[in-house]
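Single-letter residue listing:
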Amino acid sequence: MSEKRFDVVALGELLIDFTENGISGQGNTIYEANPGGAPCNVLAMLNKLGHKTAFMGKVGEDIFGRKLKGVLDEVGIDTSGMLIDKDVRTTLAFVQTFADGDRDFSFYRNPGADMMLKEGELKKELLEQCYIFHFGTLSMTHDEVRKATKKAIALAKENGAVISFDPNLRPPLWSSLDLAKEQVRYGLQQCDVLKISDNEIQWFTGKEDFDEGIKVLQDTYHIPLILLSMGRDGSRAYYKGLRVEQAPYLQENTIETTGAGDTFGGSCLHFVLKYGLEGLDEAKLREMLAFANASASLITTRKGALRVMPDAAEVEALLQSRR
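The notes below deal with the structure included here. (Residues numbered from 1 in each chain as written. Predicted model: local features only at pLDDT ≥ 70, side-chain atom pairs only at ≥ 80, totals over all residues. Heavy atoms only, no water.)

So, about the sheet that holds strand β11 (residues 225-229). Ordered in space as β5-β4-β1-β8-β9-β10-β11-β12-β13, the 9 strands form an open sheet in which the pairing is mixed. Edge positions in the sheet fall to β5 (78-85) and β13 (242-246), since each of these pairs with one other strand and no more. Neighbour-to-neighbour, the strand axes of the sheet open up by a mean angle of 15 degrees, direction not taken into account. Examined bridge by bridge, strand β12 (residues 235-239) and β13 share 5 bridges and lie antiparallel to one another. Each residue of the ladder has a partner; that of Tyr238, found in β13, is Arg243. Lying on the sheet, helix α4 (residues 143-158) is in contact with β1 (6-11), β8 (130-136) and β9 (162-166); it crosses β8 at an angle near 155 degrees. (Pairing = 2+ DSSP bridges. Helix = DSSP H or I, 4+ residues; strand = E, 2+ residues; numbered from the N terminus. Axes fitted to C-alpha atoms, helices over the stretch in contact; angles between N-to-C directions. Contact = heavy atoms within 4.5 Å.)

Now the structure itself:
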């Protein structure tokens, strides 16, 4: 296999997550502007683990777009495929966290810069020079950016990349959930690695039992590696007839869960890069899930995700402490 410049290239949304951070003296909610967006959260975790990554997407020419560009440069994600649009504002998301840890999102994206990426604006060299190409469905909610995403997938596949997909369903961003299902279906048809959450598998397949839902996906789409995140119930990996489950590493000082799924997904891709997609076995899958669960656990103790990802030493320390 010829040497490639990047381990992982991701395409999609880059935005500001405004997360709750206390109450002012006047009784108003204080929001902290955290850089976010699922694809870059995944890349940030991979960067912390020593991988070379690049991002493809669009932000606005505004204070938030400039901030985001600076943060990606700071954490070491290549931004040569990132565009700045002077006519559209950077997408914003306000995140409300409930007492049980569940979240509600309010998006300011009508339009937002991330949905304005066009097919002709893709930097093809990045897609030719990556081992893994990663995407989600937020770049498939509207016509132009959907065309760009599908073109990027095709180019990456033509150049031998492993295709990684995380549906990352956000219902408020879709004109209809039927359209969302259609685009998730497309992603499932294209990917080699699927990271999917418990509520997403139930929504897409209509099966309450996770194993039954996964079997539907395996029988229909023949995805080599499926990673199921189950929040407080841990995670599972499904690979060539194997089903491996790993308990979570619950934290007493959890603040919020924003970015936990992305941290988990990025950690799993680290092991795909380490072992390859063909050479996995039960021991390697268990190692992957334990590391990914521990990484996700650590990120729940921090505000935001993109610039505060744990490094390998922190994850290993947590794993050692729980053995």
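Still more ground to cover, so stick around.
To continue, consider the pairing of β8. Walk down a regular strand and you will see the side chains alternate between the two sheet faces. Counting buried positions along β8 yields 7 of 7 residues, so the element is predominantly enclosed. As paired strands, β1 and β8 are joined by 4 bridges and run parallel to one another. Within the sheet, the bridge partner assigned to Ala10 lies in β8 and is His134. Relative to β9, β8 runs parallel, the two sharing 5 bridges. Residue pairing across strands places Phe135 opposite Phe165, the latter belonging to β9. Taken together, β8, α4 and β9 constitute a β-α-β crossover, and its handedness is right-handed. (Buried < 20%, exposed > 50% of the residue type's maximum accessible area, 1.4 Å probe, protein only. Right-handed = clockwise from strand over helix to strand, strands pointing away.)

Before going further, it helps to spend a moment on unusual backbone geometry. In this structure, the amide linkage connecting Asn110 to the following residue, Pro111, adopts the cis form with an omega of 0 degrees. Here Pro111 lies in the loop between β7 (103-108) and α3 (124-128). Phi angles above zero are rare outside glycine, and Asn168 is one such case at about 45 degrees. For Asn168, the position within the fold is in the loop between β9 and α5 (177-190).

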